[in-house]
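Structural features, examined
Below are the chains, spelled out letter by letter.
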Amino acid sequence: MTAGTFTPNPGAAPVTRMIAAQTALETRMLLRNGEQLLLTVVIPALLLVLFSAVDIVDTGAERSVDFLAPGVLALAVMSTAFTGQAIATGFDRRYGVLKRLGASPLPRWALMAAKTLSVLVTEVLQVALLTVIALALGWSPQGDPLSVAVLLLLGTAAFSGLGLLMAGTLRAEATLAAANLVFLLLLVGGGVIVPLEKFPEAARAVLGLLPITALSDGLRDVLQHGAVLPWRAAAVLAGWAVLGLGAAARFFRWE
């Protein structure tokens, strides 16, 4: 035995290891939260099954499931990246969790990266589950998987920025109410289950600029009509991502 065998070597772990550990923690916390599971998994799955099995919404000559599946995938992204993340981060901020983590060796940018990776892991599980359900209902997807992945990533960035902006500027209770209200409004008016053509022409011009509408229509163009990457939808999502993430970085308050 030589001198120094038991000499401690204190210091922070590598940033990549800290991000991986925080990502795993964030994901476990989300999956253990019954309210968040209801919002991110149960509600989208129920909407897909209900509106595919019952002829409630007129989708024209198209099969209901072919119209609904892309919209429900967009809804799943919004529920996780925007609503769920806004509420969870808002209460973390209220209870001082973000402040304490900000004083730890984990850099603040790494904490935000871990939250984003946790959202992506959850979305992979959501998309896999909803795809299995849609296929069981007779869905026949088309198009390029790479285009779908690009749209989902752009949608995640757009909704994450808006969710973090809300969580970092409003009180937790206000975030809870506002995030759920926005979720319901965009569910109804974002082309998820009701075709945008059912709305007045003046309203369509405004609704078409919303991130949920761009993501729903973009996924529908690819998965239902076999189009290549729809650049207009991608541009709208990229614009929301830049605005949301930029504003969140500028105005986010850690306390």
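Check the entry above for the structure.
Here's what I pulled together on the structure shown here. Counting restarts for each chain, with residues numbered from 1 along the sequence as it is written. In view of the model being predicted, local features appear only for residues whose pLDDT reaches at least 70, and side-chain atom pairs are presented and counted only at 80 or more, with totals across whole chains, interfaces and linings using the full set of residues. With hydrogens and water excluded, all non-hydrogen atoms of the structure serve as input to the side-chain values.

1. What about the overall build of the protein?
When its secondary structure is counted, the protein shows 10 helices and 0 strands. Put simply, the protein runs from its N terminus to its C terminus through helices and strands in the order α-α-α-α-α-α-α-α-α-α. Each residue is assigned to one of three classes by its accessible area relative to the maximum for its type, calculated with a 1.4 Å probe on protein chains only: buried under 20%, partly exposed between the two thresholds, exposed over 50%. The 255 residues of the protein split such that 46% are buried. Only heavy atoms enter the contact rule, under which two residues are in contact if any of them lie within 4.5 Å. Expressed as a percentage of contacts within the protein between residues at least 6 apart in sequence, the contacts between residues at least 24 apart total 82%. Of the side chains in the protein, 17 bear a positive and 15 a negative charge, and the two mean positions are spaced by 15 Å. Going along the chain from the N terminus, every DSSP run of H or I of four or more residues is numbered as a helix, and every run of E of two or more is numbered as a strand. Under this rule, positive means Lys or Arg and negative means Asp or Glu; His and the chain ends count for nothing. For charged residues, the charge sits on one atom: NZ in Lys, CZ in Arg, CG in Asp, CD in Glu.

2. Structural notes on helix α9 (residues 211-223)
Expected helix span is given by 1.5 Å per residue-to-residue step, counting one fewer step than there are residues. In this model α9 runs 18 Å from its N-terminal to its C-terminal C-alpha over 13 residues, within 8% of the 18 Å that 1.5 Å per residue would give. Within α9, 11 of the 13 residues are buried, leaving the element largely enclosed by the surrounding structure. Within the sequence span of α9, burial applies to Pro-211, Ile-212, Thr-213, Ala-214, Leu-215, Ser-216, Gly-218, Leu-219, Arg-220, Val-222 and Leu-223. Buried residues along α9 sit in contact with α3 (64-94), α6 (145-169), α7 (172-189), α8 (201-207) and α10 (231-251).

3. A look at the packing of helix α5 (residues 108-136) against α6
Note on geometry: axes are C-alpha line fits, over the in-contact stretch for helices, and angles between N-to-C directions span 0 to 180 degrees. One can describe the packing of α5 onto α6 by two numbers: an axis separation of 11 Å at closest approach and a directional angle of 130 degrees. It follows that α5 is oblique to α6 by the angle criterion. Relative to α6, α5 is oriented so that their crossing is right-handed. For the pair formed by α5 and α6, the contact residues are Met-112, Val-119, Leu-120, Glu-123 and Val-127 on the first element and Leu-152, Leu-153, Thr-156 and Leu-164 on the second. Under the grouping applied here, Gly and all other residues not named as nonpolar or charged are polar, the nonpolar ones being Ala, Val, Leu, Ile, Met, Phe, Trp, Tyr, Cys and Pro and the charged ones Asp, Glu, Lys and Arg. Class assignment for the residues of the contact of α5 with α6 results in 7 nonpolar, 1 polar and 1 charged. Should an angle fall under 35 degrees it is taken as roughly parallel, and over 145 as roughly antiparallel, whereas 65 to 115 is taken as roughly perpendicular and any remaining angle as oblique. By definition, any crossing whose near helix is turned counterclockwise from its far helix by less than a right angle is left-handed, and any crossing with a clockwise turn is right-handed.

4. Quick word on the environment of Val-15
Inspection of the secondary structure assignment puts Val-15 in helix α1 (residues 15-32). The spatial distance from the C-alpha of Val-15 to the C-alpha of Phe-252 is 22 Å, given a sequence separation of 237 residues. In this structure, Val-15 is in contact with Trp-109 and Ala-110, ignoring residues within four places of it in sequence.

5. Section: the pattern of salt bridges
Here, a salt bridge means any side-chain nitrogen of Lys or Arg that lies within 4 Å of a carboxyl oxygen of Asp or Glu. Tallied over the entire structure, the rule returns 5 salt bridges. With its nearest N and O atoms 3.3 Å apart, the salt bridge here joins Asp-92 to Lys-115. Taken together, the positions of Asp-92 in helix α3 and Lys-115 in helix α5 put the pair 23 residues apart, joining distant regions of the chain. Under the relative-accessibility criterion, Asp-92 is labelled buried at 14%. For Asp-217, the salt bridge is made with Arg-220, and the minimal N-O distance between the two is 3.4 Å. With Asp-217 and Arg-220 both in helix α9, this residue pair falls 3 residues apart, about one helical turn. Connected via shared salt-bridge partners are Glu-26, Asp-92 and Lys-115.

6. Let's talk about the nonpolar core
Ranked by size, the top nonpolar core spans 49 residues in total, and within it Leu-48, Met-78, Leu-151, Phe-159, Leu-215 and Leu-219 carry the most contacts. Taken together, the elements giving at least two residues each to this core come down to α2 (34-53), α3, α5, α6, α7, α9 and α10. If one sorts the elements of this core by residue count, α3 sits on top with 16 residues. When residues no more than four places from it in sequence are discounted, the contact partners of Leu-48 are Val-65, Leu-68, Ala-69, Val-72, Leu-130, Ile-133, Ala-134 and Leu-137. Each nonpolar core is a collection of buried residues, namely Ala, Val, Leu, Ile, Met, Phe, Trp, Tyr and Cys, held together in the definition by side-chain atoms within 4.5 Å.

7. Considering the environment of Tyr-95
Mapped onto the secondary structure, Tyr-95 falls in the loop between α3 and α4 (97-102). Accessibility expressed as a relative area gives 55% for Tyr-95, which makes it exposed. Along the sequence, Tyr-95 and Ser-140 sit 45 residues apart, while their C-alpha atoms lie 46 Å from each other.

8. Some words on a nonpolar patch on the surface
On the surface, Leu-31, Val-121 and Leu-125 cluster together into a nonpolar patch covering about 230 Å² of accessible area. Its place among the elements puts Leu-31 in helix α1. Of the residues examined, Leu-31 reaches a relative accessible area of 37% and is grouped as partly exposed. For patch building, the residue pool is restricted to those with more than 30% relative accessible area and no salt bridge; the joining distance is 9 Å between like charges and 5 Å between nonpolar side chains (Val, Leu, Ile, Met, Phe, Trp, Tyr). A 1.4 Å probe and the Shrake-Rupley method give the accessible areas. Residues count as covered only by the protein chains that appear here.

9. Some points on the packing of α3 against α9
Interaxial distance between α3 and α9 falls to 8 Å at its minimum, and their mutual angle equals 140 degrees. For the element pair α3 / α9, the angle class is oblique. In this structure, α3 crosses over α9, and the sense of that crossing is right-handed. Contacts from Phe-67, Pro-70, Gly-71, Leu-73, Ala-74, Leu-75, Val-77 and Met-78 of α3 reach α9 at Ile-212, Leu-215, Ser-216, Leu-219, Arg-220 and Leu-223.

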